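Summary of structural features
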Amino acid sequence: RRDAYINGSDSRKLKLTDLESASYDPTDAANGGVSYRDGMAEIHAVTSAGQVLKGIPVFTEAYQRVKLGWLFSMLEWRAVRPVADLGYTLFARYRTIVTRGSTLDSLVEAYEAKQAKTLIDESCETCPPSAMSQTQSTKGQAETTTNQ
């Protein structure tokens, strides 16, 4: 629905990707090898040709695709670009703290813990209930030991 709103009837202009989706796979060519950490640290885009863009060029390309390129065209000017890059770098560094209330490292840690739990849960689909509780109990003990 979000993609349709942005693209109108032409769904080929932009495809937005949720890095926190259970279906997100950084090894998928459409995702350009962008890891959760890299994607959360800085905005990325993958062109239909497979080129990975980062930072200010993502905004320039995205707005051009939806015919609003004039909004960001000045960011490509030689005198403006270094200032825009610096501004975006500072924004990206503190974005997760401001918007999510967490550092990038803590978000990555939580994401990786969630991914590990999903793998454990999926691998124990056929395990008897006692094996699953044992796995979760052992994991809880390891976390307790690590956090001390």
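Residues numbered from 1 in each chain as written. Predicted model: local features only at pLDDT ≥ 70, side-chain atom pairs only at ≥ 80, totals over all residues. Heavy atoms only, no water.

**What to know about the overall build of the protein**
In plain terms, the rule: Secondary structure elements follow DSSP: runs of H or I no shorter than four residues count as helices, runs of E no shorter than two count as strands, and numbering proceeds from the N terminus. Relative accessibility under 20% of the residue-type maximum defines a buried residue, over 50% an exposed one, and the middle range a partly exposed one, all with a 1.4 Å probe and only protein chains included. Throughout, a residue-residue contact means that at least one pair of heavy atoms, one from each residue, lies within 4.5 Å.
The secondary structure content of the protein amounts to six helices and two strands. Helices (α) and strands (β) of the protein occur, in sequence order from the N terminus, as α-α-β-β-α-α-α-α. A buried classification covers 18% of the 148 residues belonging to the protein. Long-range pairs, those at least 24 residues apart, make up 32% of the contacts in the protein with a sequence separation of at least 6.

**Considerations on the nonpolar core**
Worth spelling out the cut-off: Nine residue types can take part in a nonpolar core, namely buried Ala, Val, Leu, Ile, Met, Phe, Trp, Tyr and Cys, and a core is a set of them joined through side-chain atoms within 4.5 Å.
Ranked by size, the top nonpolar core spans eight residues in total: L19, Y24, V34, Y36, M40, L107, V108 and Y111. Secondary-structure elements contributing two or more residues to this core are α2 (36-41) and α5 (104-123). Among the elements that line this core, the one with the most residues is α5, at three residues. Not counting the four nearest positions on each side in its chain, L107 is found in contact with Y36, M40, T96, R100 and S102. I56, L75, A84 and A92 belong to the second largest nonpolar core, which has five residues in total.

**Here's the deal with the packing of helix α3 (residues 56-65) against helix α4 (residues 81-100)**
Cut-off, in case you're wondering: Only the contacting stretch of a helix is used when fitting its axis, a line to C-alpha atoms as for every element, and angles between N-to-C directions run 0 to 180 degrees. What sets the label is the angle itself: under 35 degrees gives roughly parallel, over 145 gives roughly antiparallel, 65 to 115 gives roughly perpendicular, and the rest give oblique. Residues were grouped as follows: Ala, Val, Leu, Ile, Met, Phe, Trp, Tyr, Cys and Pro as nonpolar; Asp, Glu, Lys and Arg as charged; and all remaining residues, including Gly, as polar.
At a minimum axis distance of 9 Å, the contact between α3 and α4 shows a crossing angle of 105°. It follows from the interaxial angle that α3 and α4 lie roughly perpendicular. Contacts between α3 and α4 pair I56, P57 and F59 from the former with R81, A84, D85 and Y88 from the latter. A breakdown of the residues in the contact of α3 with α4 according to their chemical character gives five nonpolar, no polar and two charged.

**So, the side chain of T47**
As for its position among the elements, T47 is in the loop between β1 (44-46) and β2 (52-54). Not counting the four nearest positions on each side in its chain, T47 is found in contact with L53 and R65.

**Structural notes on the environment of D38**
Within the fold, D38 resides in helix α2. Counting along the chain gives 66 residues from D38 to L104, while the straight-line C-alpha distance between them is 9.8 Å.

**Notes on the confidence of the model for the protein**
As a reminder, the rule being used: pLDDT measures the predictor's confidence residue by residue and takes values from 0 up to 100.
Residues with a pLDDT of 70 or more make up 74% of the protein, whose mean pLDDT is 81. Model confidence for the protein, summarised as mean pLDDT per element, is weakest for helix α6 (residues 129-147) at 45 and strongest for α2 at 96.

**Thoughts on the side chain of T96**
Here T96 lies in helix α4. Excluding residues that lie within four positions of it along the chain, T96 makes contacts with M40, G101, S102, T103, L104 and L107.

**Section: the packing of aromatic side chains**
Where we set the bar: Only Phe, Tyr and Trp rings are paired, with Trp represented by its six-membered ring, and only when their centres lie within 6.5 Å; those with planes under 30 degrees apart are stacked, over 60 edge-to-face, the remainder tilted.
The tally for this structure, following the rule as stated, stands at five aromatic pairs. Ring geometry for F59 against F72: centres 5.7 Å apart, planes inclined by 15°, an arrangement best described as stacked. With F59 in helix α3 and F72 in the loop between α3 and α4, this residue pair connects regions lying 13 residues apart in the sequence. With relative accessibility at 23%, the residue F59 sits in the partly exposed group.

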